[in-house]
Amino acid sequence: MRAAREAAERLHAAARADDHRAARDAAAEALGLWRGSSLEDLRSVPFAAAEGERLDAWRFDLLVERLRADLALGAAAESRAELERLAAEQPLDERVHGLLATALYRTGRQAEALDLLARLRRTLAEELGVDPGPETARLETRMLRHDPSLHPDPAPRVESTVRPAGPRPPEDSAADRTDRAREEGGVWLPGPATSFVGRDGDLAALVGRLARPGLVTLTGGPGSGKSRLAIEAARAVAGRRAVTVAELAPLSRQDAVWAAAGADPGDPAEAAARLDGSLLVLDNAEHLVEAVAELVIALLGRTRELTVLVTSQRPLLAAGEELHRVGPLAPAAAARLFVERCAPDQSGADPAAVAAICAAVDRLPLGIELAAGLTRALTAAQLATRVRDRLRLLAGGGRDAGGRHTSLRAALDWSHDLLDERERAVLRQVSVFSGGFTLEAAEHVAGARMPRGDVAPALAELADRSLVTVETGGGGRRFGLLETVKEYAAARLAAAGETEPARAVHLGWCLDLVRRLGHPDDFAGAEAVGAVFAEWPNLLAALDGAPGTDRAADGLRLALELHTPWLIRGWYAEARRHFAALSDAPGTTRAERAAALCDHGFVTTMVGRFDAAAELLARAEELADDDTLTMNVRYYRGIVEIERGRLNDALAPLLEGQELAERLDNGQRRSAFADALGTLHLYRGEAEAALERYVAANALDRDSGDEHGLARGLSNQAQALLALGRTREAMACAAESDHYATRLDDRQILPLNELIRGNARLDEGDGPAARTHLRAALAYAAEDGTGASMAHIDLAAALVMDGDLDEAGSLLRAVYADAPEGSTPWLAARAVSAALALASGERAGAGKLAEATASVYAASGFGWPRYATRLAEVRRELGLDGVSRR
């Protein structure tokens, strides 16, 4: 040991003198004194185990210094392999990653070097909620600038950090564990890449319990490590059974729980059958306890071998629930966690100071990691004093308030007190964001209370103190707050009396953003639509927070601006929810109320509530006092009449609206009216006239570059071509429509194109291929929760032809349960129902149904070739056309 210390002292001296060769030789000499793990034969003795870990960490530091010297001497290529191994073993060690990035840079692999540092930044943010240190940030900047000093001549100064330090993280990296999980269980499990400290007994007991079916709930205060314990347990069992993890923390509504677990509240049996025998993990359930309990009870009541693991601050109170309390770490484990997470130069800190810090945050893992993250600014001894002072100030707080509001608040209070007033103000203001924010967004919101130029420096300081996370990608940086920090900052915002003003400015930013993205072409391009939904968490928070407040009018204006993006994505139910909550907002103009009623009526049409839609559009028409609003009302009235199956009533409003669009020279609406008239012609059986209208609409959209219009119009043109028997042309149009619909993620058009392909294959006699496409279309409806659709009808028709009558009947019953009588889907389904009755041998019933359907078709003007032809075939088979087929 003396020889090793002497070699380390020579290393320090050589580093100070920039003598890289002497530094390398001294490090190599010290490393040569090790033979395997330190004190390996005595590790069962507690003191020897700790000392052995300390010596192993010292050995690791010596190895890092030897590699640093090798790089300084120009041995980049020779060192790279060893550095890659160390980086895999130590995924959070900035020194090793910095050296490896330097080695890659010096061997001509700059892109890989920058990618390595970007991945390190993401890992540190995700696992510890911190950014890389200043040295790593400077290294990245120097690489981007091709700084000549990155090369070994002249050699940079070596800053020695050799120290007899604490233990090393485990040898397998996050990537190793993820790959192993995939190989063993076929599932990716989230979780930090850092070591799992202090809960070995809890983990073993939990893994044993999860071998049996039933409900297990991990309860405990915020920051107690429930989620980490659950994920480690899931990882342990993933090799033996399937695992599904649902993260509930981002959800705000009870009705979102089922979807997060991949289940449908209308059909729990399907999810139960799929999940039976597996482990379902529902993480962070405390704010959605009622919905989670409902889901768990429904699933367990329909399965035999399902195990459900829930993490929550409070129990579900469900029958058979087994509660496992997750409390503070043991003192030794808490100290070890702090040492592993703190700044490198603090890992040898006074054990008494470390113990004081851990005790001050009740030895809760999150509190410990928050405290450890501040050791970049203060020593452990300084932090220990500050935590004690802070807790004395909070002595009046109740201990039963929960960790997030006592011990963790102490750590956050203390972090907050280290900030200047400028940083405190920015932290408060950015707490109104959800899902992260850009610098420009922060400048807009926080800049309402301070000079905008102060916001960027404040964010940089907050990021350096680990209170703000930073993600790099997509051509820019995005900031965010950990949930605990966000809650704390929001409480500070409320205490300052700034909550309502900040939310108003945030909503204003959302409104400006959507208006800017939609100008001047109303989201004709896919990029603008994608940019809107990239900020959806912020937009949703602004919309949901507006009703019943002074912000309601701006909330309605935001909903109006979002109308087109919602339509493109097929988010009709979401749009309808917001219009219902905001349409009567005080402080809006007559024109805004009319536009809201108009848009509300359209999305209500698209969810199949036709009578309610007609009422909304009638109210909109009463308020409309200019040609543009009147034109829009005419368009939506025509659409609702088509969907209601009242085809003869749809023509007049569409022609009137088309004339207004021509007079106003509104290209988008001219295209929309031509497209709607084409659909009216197609549904009336006039395929040639429909094709002519669709071609005209698509020409207008090509001229304007309207991708949404082309996605819709080309799909409709394919429908008309298919009705005319021009299958090859129809398939080409559907393929081109797919190009635009995929760019837009248009959930309405993509399934329609699958229907076109399925019906084309059906016409060609290729039943298996037809059913594949039709089921793909059906999957969209199931995924989006849009209820029965034309996919149900067309697949039922294919199944009737194939003899699978039971499933066909089930699909048709779903249509009749969802579609109002007389509506277009209802009319189409009647022809297929007649075919089903005939195929089932019910000739009398089929005859009555066929005759009644023919009468309804004649009265409504419905003659869509696909369904009118099917009905005619049934009537011919029954001899209802005057020729017996017996």
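Residue positions are given per chain, counting from 1 as you read along its sequence in written order. Local features in this predicted model are restricted to residues of pLDDT 70 or higher, and side-chain atom pairs are both shown and tallied only at a pLDDT of 80 or more, whereas totals for entire chains, interfaces and linings draw on every residue. Neither water nor hydrogens contribute to the side-chain values; these are computed over all heavy atoms in the structure.

> For this particular structure, what's the right way to read the side chain of arginine 669?
Turning to its location among the elements, arginine 669 is positioned in helix H33 (residues 667-683). Of the side chains with opposite charge, aspartate 599 comes closest to the buried, unpaired arginine 669, at an N-O distance of 6.1 Å. A 3.5 Å cut-off defines polar contacts: any pair of N or O atoms within that distance qualifies, except that in protein one atom must be a possible hydrogen donor and the other a possible acceptor, and neighbouring residues in sequence count only when both atoms are side-chain atoms. For arginine 669, the side chain forms a polar contact with the side chain of asparagine 632, separated by 2.8 Å. Here, two residues are considered to be in contact whenever any of their heavy atoms come within 4.5 Å of each other. Excluding anything up to four places from it in sequence, arginine 669 contacts Met631, Asn632, Tyr635, Tyr636 and Ala661. Secondary structure elements are defined from DSSP: runs of H or I of at least 4 residues count as helices, runs of E of at least 2 residues count as strands, and each element is numbered from the N terminus. Categorising residues by exposure relies on relative accessible area from a 1.4 Å probe, with only protein chains included: less than 20% of the type maximum marks a residue as buried, more than 50% marks it as exposed, and the intermediate range marks it as partly exposed. We treat Lys and Arg as the positive residues and Asp and Glu as the negative residues; His and chain ends play no part in the count. Salt bridges are counted wherever a side-chain nitrogen of Lys or Arg sits within 4 Å of a carboxyl oxygen of Asp or Glu.

> In this structure, what is going on with the pairing of strand S1 (residues 214-219)? I would like to understand it.
For S1, the tally of buried residues reaches six of six residues, placing the bulk of the element in the interior. Side-chain alternation along S1 places Gly214, Val216 and Leu218 on one buried face and Leu215, Thr217 and Thr219 on a second face that is also buried. Here, strands pair whenever DSSP counts at least two bridges between them. Both S1 and strand S4 (residues 307-312) contribute to a ladder of six bridges, which runs parallel. If you follow leucine 215 over to S4, its bridge partner there is valine 308. In the sheet, S1 pairs with strand S5 (residues 322-325) via four bridges, with the strands oriented parallel. Note that in S5 the partner of valine 216 across the bridge is glutamate 322.

> Looking at this model, I keep getting lost on the packing of aromatic side chains. Mind explaining?
Here a ring pair, both rings aromatic, is described through the centre-centre distance and the interplanar angle of the planes. Within 6.5 Å between ring centres, the rings of Phe, Tyr and Trp (the latter by its six-membered ring) count as paired, and their orientation is classed by plane angle as stacked under 30 degrees, edge-to-face over 60, tilted in between. Inspection of the entire model under this criterion finds 14 aromatic pairs. Relative to phenylalanine 437, the ring of phenylalanine 433 lies with its centre 4.8 Å away and its plane at 25°, an arrangement referred to as stacked. Looking at phenylalanine 433, the relative accessible area reads 4%, which means it is buried. Pairing phenylalanine 602 with tyrosine 636 gives two aromatic rings, centres 4.7 Å apart and planes at 35°, and the pair type is tilted. On the criterion of sequence distance, the pair formed by phenylalanine 602 in helix H29 (residues 590-606) and tyrosine 636 in helix H31 (residues 627-644) is long-range, its members being 34 residues apart.

> I'm lost on the pattern of salt bridges in this one. Help?
Pairing of side chains with opposite charge becomes possible as their charged atoms draw close. What the rule picks out here adds up to 50 salt bridges. In this structure, glutamate 232 and arginine 228 form a salt bridge, with 3.0 Å as the shortest nitrogen-oxygen distance. Of this pair, glutamate 232 and arginine 228 both sit in helix H10 (residues 226-237), four residues apart, which is roughly one turn of the helix. Neither glutamate 232 nor arginine 228 differs from the other in exposure class; each is buried. With its nearest N and O atoms 3.6 Å apart, the salt bridge here joins arginine 870 to glutamate 873. Here arginine 870 pairs with glutamate 873, and both are found in helix H43 (residues 865-877), just three residues apart, close to one helical turn.

> Quick question: what am I supposed to make of unusual backbone geometry here?
Negative phi characterises most residues that are not glycine, and trans characterises most peptide bonds. At the junction of histidine 519 and proline 520, the peptide bond is cis and its omega measures out at 0° in the coordinates. Topologically, proline 520 is positioned in the loop between helix H23 (499-518) and helix H24 (526-534). Although it is not a glycine, phenylalanine 523 sits at a positive phi angle of roughly 60°. Backbone geometry at aspartate 745 places phi at a positive 50°, although glycine is not the residue there. Structurally, aspartate 745 can be placed in the loop between helix H36 (727-744) and helix H37 (749-763). For aspartate 745, a relative accessible area of 29% corresponds to the partly exposed category.

Treat this as a map of the structure, not an account of what it does.
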